[in-house]
Amino acid sequence: MFYDFKKIEEKWQKKWQKDKTFRAQIAPAQKKYYLLEMFPYPSGKIHMGHVRNYTIGDVAARFKMLEGYNVLHPMGFDAFGQPAENAAIKNKTKPDAWTHKCIREMEDELKKMGFAYDWEREVSTCDNSYYRWNQWIFLKMFERGLAYKKASNVNWCPGCQTTLANEEVIEGGCWRCSAKVEQKDLEQWYLKITEYRERLLEDLQQLEDWPERVLSMQANWIGKSQGVEIYFKLKGQDKVVPVFTTRADTIFGATYIVLAPEHPLVKELIKGKAQENEALKFIDKVAKESKVVRASSDVKKEGVFTGSLAVNPVNNEEVPVWIADYVLMEYGTGAIMAVPTHDQRDFLFAKEHKLPMRIVIQRTEDRGQKTEDLTEAYEGDGIQVNSGEFNDLPNSEAKIRIAEWMETKGIGKIQTHWRLRDWLISRQRYWGTPIPIIYCPKCGVVPVPYQNLPVELPKDAPFTGEGGSPLGKVKKFVQVKCPKCKALARRETDTMATFFDSSWYFLRFCSPKFKDGPFGEKEAAYWMPVDQYIGGIEHAILHLLYARFFTKFFKDLGLIDFNEPFKRLLTQGMVLKDGEVMSKSKGNIVDPDTMIKKYGADTLRLFILFAAPPETELEWDDRGLEGAHKFLNRVWRIQDNLKDKADPALLRILHKTIKKVSEDFREFKFNTAIASLMELTNAVYQLGADKEVFSKLIIMLSPITPHFSEELWKILGNKDSVLKAGWPEYDSKILIEENITIVLQVNGKVRSKIEVAANIAESKLKEMVLADKKLSPWIQGKPVKNFILVPNKLVNIVV
RNA sequence: GCGGAAGUGGCGGAAUGGCAUACGCGCUAGUCUCAGAAGCUAGUGGGGAAACCCUUGAGGGUUCAACUCCCUCCUUCCGCACCA
């Protein structure tokens, strides 16, 4: 007999919707649990990555419901972004219409999976009821000096006359017209996330339940480093070039310095020199080079000599000043001291351009080694050589002593540097939140008054992907009266990066219809922080960092009383097919909808959890899906053969299973939880189950296969949803076994096994072991050197 | 280059110092059937007739005992803003 998954799944989905089973309401007496999965971009179709992410979340949510928590489990759409613009151009429609159509389709697909969402809380970031609060937040930041304007480089396509995202630059060319991409300076809006860097780093320590790798990625991204700023005087001028280094111990080996081509001193340095023309050409070339090309590691490091010399302040040695593309203006001081012997990049550059080098750190065993002997830079620890009064010190000590010495001599300054830069949020795009700023010829930059929000995104902007910002072409939008002096003014036409939208949506879900602010303080106080957040590892840095930044900002505004938005984080692995990520270009996509039609959502949910642990990659396998389906049919058939009373042996297995599944669910080990449910099912086939054992099996399965379990639960005569059944508890008395199998090893190799009473005395056991027949060939005539006993498990005899 | 993760049967995976390969897929045989499908039962790491021996990317170490801990190396995957 087969179960009719199609009928069953439709029936229960309708019932859940009608009964509002998953509606979440504040209940102060009850323990709350906020479970959130990263909301999707509405592309129209869900893919296996979504199925995996949301199934993991759904099982956790339903498990918590069974455990008696008041669960908030919302869903929404991250609906602004470029794909809508591209799709609209391609399909001759509008981003608005296209996005809303996609949202409807995706809602349908998500509902077909049976996910336990409170759909009444759904939000879409492209609705003005949502993005008006983006604008509100922006204005609050602007008031506090956290949003500011600054000139910055963008990728510019001269063919399309538009800016390009990094991912739209393919091998230095525009993805649409292949024209060579240039760099252009534009005034852009930034958020001062760097003001929060200390807290963003510090508070990582509170996140005990985050994966170690995400924490270290965030810490590295923020990149706090202690180092020294060293002042190199320019020869024949009274100008000074500061360079930053974390390796003050190598200063005596600095044989040249390198400036970024954009460095403000460069033009002056090359003026009138023989190298001037060559240098100007190089600067021009680098300036046009897209950041993507410049940043790719396989490109050869290029550079030119400026013709100027500088003085190494520790030994007054004259060193050449170069410019090179691998030094970036954005980091540190935009200038570095080069130590070819102890930095591999400097080493390669020095070899290429025949620059001098000097060893200053050496391991004792390498004493006497010459620079000519080096085939690569030595970046490890050692003893100082060629370093004046610091010779013979270990470099770790010298690093500190040299830094302090330079500070007292006034040739350097100990400094903390950060890797984190401010966040550029301006986009010259249409489908995003308009930045609520007005430019008045008299008053300058004027924020839109709060009562005038939202600044609505015009529905009818013409855009073709060419010719600059689409909003700039909508006169009705651009032309505006200055809120201060009523003179004719101009609106900002940039929109916000979509990461802005997703940096606070978890707060909106607490009170999605709130009208007096981005979220209700009372609701946020009850539901937040998110107890469990689930999403892809690709968001390990940016999204999570921005969400943490916004949370701290809200705390500073006094709207919330906590520092971190996400208590626990799970990053799920990708879904692969034939060892590769599923993608359209590879043509290896497996469509969830097809699988639902063929086997049902419950089977799909079961398989995707069973095939691999949540955090590792998952290899898709059609046959595995069939196996999962087979298992459900096997459980379904149990109902026909229920006994009046279960075997005591089965009861023991049942309680063992309850213990194991409870532990595994708490730790998100769904694959092994399912394995033990399968073992229980196998035992039922051997020993026969009664109604009680079967009921508990169904309850334990219900978070994974909700429709299937609800149906069986009803067939067993229950009136309420299986969600009301309560999570089963195990009886530790039943778990105690009378007899235990002890493994007998000789010299670490298994030679025999014996069955003994659980509470056997050690001396008695030893006697039995030494008398074991299978063991005798191995121990006979040999003195027992050691007798190791692991209680209830194993004995190892060393002879 | 920087940072992170992982390597176990034919395949997905289990075991975090104590019986390597749980559970599932696949495969083999049996049973049921006119036949097939489904189901059920049994078997299934490699070598060997057997006793036994070998086996967790490679090599070394610690330990009574290592997939698990330490060292060296190899391979694969992921993220990134060449971060000095």
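Caption draft 1: Representation of the overall build of chain A. Per the secondary structure count, chain A includes 27 helices and 32 strands. Burial status across chain A gives 53% buried among its 799 residues. Residue pairs at least 24 apart in sequence account for 72% of intrachain contacts in chain A once pairs closer than 6 positions are excluded. Accessible surface for chain A amounts to roughly 37,400 Å². Of this, 50% is attributable to carbon and sulfur atoms. Charged side chains in chain A number 117 positive and 108 negative. The centres of these two groups are separated by 3 Å.

Caption draft 2: Broad picture of empty space enclosed by the protein. Enumeration over the complete set of coordinates arrives at two cavities of 30 Å³ or more. Reported here for the second largest cavity is a volume of approximately 30 Å³. As for the second largest cavity, its lining consists of R62, S702, P703, P706, E710, V722 and L723. A breakdown of the residues in the lining of the second largest cavity according to their chemical character gives four nonpolar, one polar and two charged.

Caption draft 3: Looking closely at the environment of K555. Checked against the element boundaries, K555 lands in helix α17 (residues 542-557). Distance in space between the C-alpha atoms of K555 and L618 is 39 Å, their sequence separation being 63 residues. Every residue in contact with K555, bar those within four places of it in the chain, is listed here: I560, D561, F562 and N563.

Caption draft 4: Layout of the sheet that holds strand β21 (residues 479-481). Spatially, four strands are ordered β20-β19-β22-β21 in an open sheet, and the strand pairing comes out antiparallel. This sheet does not close on itself; its edge strands, each paired only once, are β20 (444-447) and β21. When the angles between neighbouring strand axes are averaged without regard to direction, this sheet yields 40°. With three bridges joining them, β21 and strand β22 (residues 488-491) adopt antiparallel strand pairing. The residue bridging Q479 from the neighbouring strand is R490, located in β22.

Caption draft 5: Expanded view of the nonpolar core. Counting residues in each nonpolar core, the largest one holds 176 residues, and the members touching the most others are Y34, M48, F138, F506, F550, F554 and W620. Among the elements that make up this core, the one with the highest residue count is helix α2 (residues 48-66) (10 residues). Among residues more than four places away in sequence, those in contact with F506 are Y34, L36, M528, V530, A547, T551, P565 and F566. In this structure, I257, I270, A335 and V339 belong to the second largest nonpolar core, which totals 39 residues.

Caption draft 6: Molecular detail of the pairing of strand β31 (residues 786-790). Where β31 meets strand β32 (residues 794-798), five bridges bridge the pair, whose relative direction is antiparallel. Bridge pairing in β32 places V790 opposite L794. Taking the residues between adjacent antiparallel strands as the criterion, β31 and β32 are bridged by three residues, where N792 takes a positive phi near 65°.

Caption draft 7: Region of interest: the layout of surface pockets. The computed volume of the second largest pocket comes to approximately 630 Å³. If you go around the second largest pocket, you meet 25 residues; those closest to its centre are Q13, K14, Q17, K111 and K112. When contributions to the lining of the second largest pocket are tallied by element, the ones reaching two or more residues are α1 (5-19), α4 (95-112) and α18 (592-599). Broken down by element, the lining of the second largest pocket gets its largest block of residues, eight residues, from α1. Residue composition of the lining of the second largest pocket, by class: seven nonpolar, five polar and 13 charged.

Caption draft 8: Molecular detail of the packing of aromatic side chains. In total, this model carries 45 aromatic pairs according to the counting rule given. With a centroid separation of 4.5 Å and an interplanar angle of 15°, the aromatic rings of Y130 and W504 are classed as stacked. Taken together, the residues Y130 in helix α5 (residues 128-143) and W504 in the loop between α14 (498-501) and α15 (505-508) connect sequence positions 374 residues apart. Pair check on accessibility: Y130 and W504 agree, each one buried. Aromatic pair F252 and F390: ring centres 6.3 Å apart, planes at 50°, arrangement tilted. Of this pair, F252 sits in the loop between β9 (240-245) and β10 (256-259) while F390 sits in the loop between β15 (383-384) and α12 (395-409), and the two are 138 residues apart along the sequence. Just as F252 is buried, F390 falls in that class too. A connected cluster of aromatic rings, assembled from ring pairs, spans Y196, W423, F499, F500, F519, Y546, F549, F550, F553 and F554. Over the aromatic face of Y148 sits the side chain of K192, whose NZ or CZ is 5.7 Å from the ring centroid. It is R634 that lies over the ring of Y685; its NZ or CZ is 4.1 Å from the centre.

Criteria and cut-off values
- Residues numbered from 1 in each chain as written.
- Chains lettered and ligands numbered in written order.
- Predicted model: local features only at pLDDT ≥ 70, side-chain atom pairs only at ≥ 80, totals over all residues.
- Heavy atoms only, no water.
- Helix = DSSP H or I, 4+ residues; strand = E, 2+ residues; numbered from the N terminus.
- Buried < 20%, exposed > 50% of the residue type's maximum accessible area, 1.4 Å probe, protein only.
- Contact = heavy atoms within 4.5 Å.
- Areas by Shrake-Rupley, 256 points an atom, 1.4 Å probe, with all protein chains shown as cover.
- Lys, Arg positive; Asp, Glu negative; His and termini not counted.
- Charge placed at Lys NZ, Arg CZ, Asp CG, Glu CD.
- 1 Å grid on protein atoms, 1.4 Å probe; cavity = no way out; pocket = protein on both sides within 12 Å on 5 of 7 lines; lining within 4 Å.
- Points joined across faces, edges and corners; volume = space filled by probe spheres on them.
- Nonpolar A, V, L, I, M, F, W, Y, C, P; charged D, E, K, R; others polar.
- Pairing = 2+ DSSP bridges.
- Axes fitted to C-alpha atoms, helices over the stretch in contact; angles between N-to-C directions.
- Core = buried A, V, L, I, M, F, W, Y, C linked by side-chain atoms within 4.5 Å.
- Phe/Tyr/Trp six-rings, centres within 6.5 Å; stacked < 30°, edge-to-face > 60°.
- Lys NZ or Arg CZ within 6 Å of the ring centre and 35° of its normal.

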